[in-house]
Amino acid sequence: MNFSEKLQQLVADLDQEKASTAEETEQFRIKYLGSKGVFKALFEDFKTVSSDEKRAFGKQLNQLKSTAEAKFEEMKASLNASTTATKPHLDLTRPGSLFDIGAEHPISIIKREIIDIFHGIGFSVAEGPEIEDDWHNFSALNFPPEHPARDMQDTFFVKNPNGSDDFVLRTHTSSVQVRTMTEQKPPIRIIAPGRVFRNEAVSARSHCIFHQIEGLYIDEGVTFADLKQTLEYFAKEFFGKSKIRLRPSYFPFTEPSAEVDVYWGLENELDHRITKGTGWLEVMGCGMVDPAVLASSNIDPEKYSGFAFGMGLERSAMQRFQIPDIRMIFENDVRFLKQFQSAL
Ligand code: PHE
């Protein structure tokens, strides 16, 4: 075979070549482009070509080498494409990625539990505005005009566009009692969870924003015994404690009034700390709705009577989840928030 024939043979051979595996691709490279390959030999041969043929054959040989190189690149590329197509790195046995569902806020957890407990005995949820007028927050609840709670020190006043400063950020959820009593006829059985505001110095133990849940039950013949039974039931369900005591207290809107303590026990150091060594934990205020309050909401105090109670949520949340500083509850640092997975 002379050089010209060898070149023609090579054109035909190259045309036939194909590779479908990595090995075949490598064999192609060794056969044509390797150090002992076809081109190496042809370039050796080329030295023997007569000088007048060199020009034409040289050009042809270089072109064919480029063709072979291009073909090799093409083989590699299609090999990569086919590996990804036939062997996807999609592992169908791998568990799916989970939705980032977030966590329930500790206050929401406590609130939901308390709502659930009272739902079970026929209480439904009522709500009211956080910006409240003086009447619903104070006057209708029997706070006399000179009552210290109305003082600038305790209450955030809100300027009304018409200039009067009759509006406040509600200082307790008892305002929802009034709203419910003026809107519904007895029997009334509601709990009212919500945010309340007091002009207090912020510290690890107290905040100017906190949450309360109010309870209200009005019907014919409701007595203090009903109140006590309800609170005992709640203490058992919520704290898992069966002993409570009622200490006489004072609220303008209830008569008689009491503070409710739950017997926590003194079994360990934590019990000592949270009960200040007494074994008793104060959990809420309560009392029989003052007849004057019923009357100011147009409920006949001769016919109806009722009880009310109100408790803060922060303290329970702090105990339950061992939160050392109340401010953490309001800072919304996700590293704090994501720790409280709902038990659901
Ligand atoms: N509103 C009272 C408070 O803020 C709590 C309370 C509610 C007391 C209902 C008695 C009855 O402390």
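Residues numbered from 1 in each chain as written. Predicted model: local features only at pLDDT ≥ 70, side-chain atom pairs only at ≥ 80, totals over all residues. Heavy atoms only, no water.

## A closer look at the overall build of the chain
The condition that has to hold: Helix and strand labels come from DSSP, where a helix needs a run of H or I of at least four residues and a strand needs a run of E of at least two; each type is numbered from the N terminus. Using C-alpha atoms as the atom set, the radius of gyration is obtained and then compared with a globule rule of 2.2 Å times the number of residues to the power 0.38. In this analysis, two residues are considered to be in contact whenever any of their non-hydrogen atoms come within 4.5 Å of each other.
The helix and strand tally for the chain stands at 13 helices and 10 strands. The globule rule puts the C-alpha radius of gyration for 344 residues at 20 Å, and the 42 Å found for the chain is more than 25% above it. Taking the principal axes of the C-alpha coordinates as reference, the chain spans close to 130 × 55 × 40 Å. Of the contacts formed within the chain by residues at least 6 apart in sequence, a portion of 65% connects residues at least 24 apart.

## Considering the domain arrangement of the chain
Inclusion rule: Where each domain begins and ends is defined by an automated method or by a domain database.
One can read the domain layout of the chain as domain 1 (3-81) and domain 2 (106-343). Measuring from the centre of the C-alpha atoms in domain 1 to the corresponding centre in domain 2 gives 90 Å.

## Section: the site of the ligand
Formally: In these notes, residues near a molecule or strand are those with any non-hydrogen atom within 4 Å of it. Definition of a polar contact: a pair of N or O atoms within 3.5 Å, with one able to donate and the other able to accept a hydrogen when the atoms are protein atoms, and with sequence-neighbouring residues admitted only if both atoms are side-chain atoms. Per-residue and other accessible areas were derived by the Shrake-Rupley procedure at a 1.4 Å probe size, with only the shown protein chains allowed to occlude residues.
Not every one of the 14 residues close to the ligand is listed here, only the nearest: His172, Ser174, Arg198, Gln212 and Glu214. Note that a nitrogen atom of the ligand is positioned 3.2 Å from one of the side-chain N or O atoms of His172. Here an oxygen atom of the ligand and a side-chain polar atom of Arg198 are 2.8 Å apart. Out of a free accessible area of 320 Å², the ligand has 89% covered by protein chains.

## Examining the sheet that holds strand 5 (residues 188-197)
Pairing between sheet strands relies on hydrogen bonds along the backbone, with the strands arranged either parallel or antiparallel. We apply this condition: Pairing between two strands requires that DSSP report at least two bridges joining them. Note on geometry: axes are lines fitted to C-alpha atoms, helical ones only across the stretch in contact, with angles between N-to-C directions running from 0 to 180 degrees.
Here 7 strands make up an open sheet; going across it, the order is 1-5-6-10-9-8-7 and the pairing mixed. Of all the strands in the sheet, the pair left with one neighbour each is strand 1 (124-125) and strand 7 (244-251). Pairing analysis gives 2 bridges linking strand 1 to strand 5, with the strands arranged parallel. Residue pairing in the sheet places Ser124 in a bridge with Ile190 of strand 5. The strands touched by helix 5 (residues 106-119) are strand 1, strand 5, strand 6 (209-219) and strand 10 (305-312); relative to strand 5, the strand with the most contacts, the crossing angle is about 165°.

## Remarks on the environment of Asp226
Convention followed: With a 1.4 Å probe rolled over the protein chains alone, any residue whose accessible area is under 20% of its type maximum counts as buried; one over 50% counts as exposed, and the rest are partly exposed.
Secondary-structure assignment places Asp226 in helix 8 (residues 224-239). Asp226 sits in the partly exposed class, given a relative accessible area of 29%. For Asp226, the side chain forms a polar contact with the main-chain nitrogen of Thr223, separated by 2.8 Å.

## Brief notes about helix 3 (residues 38-46)
Test applied: Think of it as the arc spanned by the lines of direction from the helix axis to the C-beta atoms.
Where helix 3 is concerned, the buried positions are Phe39, Leu42 and Phe46. The buried side chains of helix 3 occupy one side of the element, clustering within an arc of 60° when seen end-on.

## With respect to the packing of aromatic side chains
What counts here: Only centres within 6.5 Å qualify two rings of Phe, Tyr or Trp (six-membered ring in Trp) as a pair; their planes then separate them into stacked at under 30 degrees, edge-to-face at over 60, and tilted for everything else. Throughout this description, the term charge over a ring refers to an Arg CZ or Lys NZ atom that lies within 6 Å of the ring centre and within 35 degrees of the ring normal.
As enumerated under the stated definition, the model contains 19 aromatic pairs in all. Arranged with centres 5.0 Å apart and planes meeting at 65°, the rings of Tyr263 and Trp280 form a pair that is edge-to-face. Placement of Tyr263 in strand 8 (residues 254-263) and of Trp280 in strand 9 (residues 280-289) is noted, with a sequence separation of 17 residues between them. Owing to a relative accessible area of 29%, Tyr263 belongs among the partly exposed residues under this scheme. Taken together, the ring pairs in this structure connect Phe118, Phe123, Tyr217, Phe234, Phe238, Phe239, Trp264, Phe307 and Phe309 into an aromatic cluster. Across the ring face of Tyr263, the terminal group of Lys243 is positioned such that the distance to the ring centre comes to 4.6 Å.

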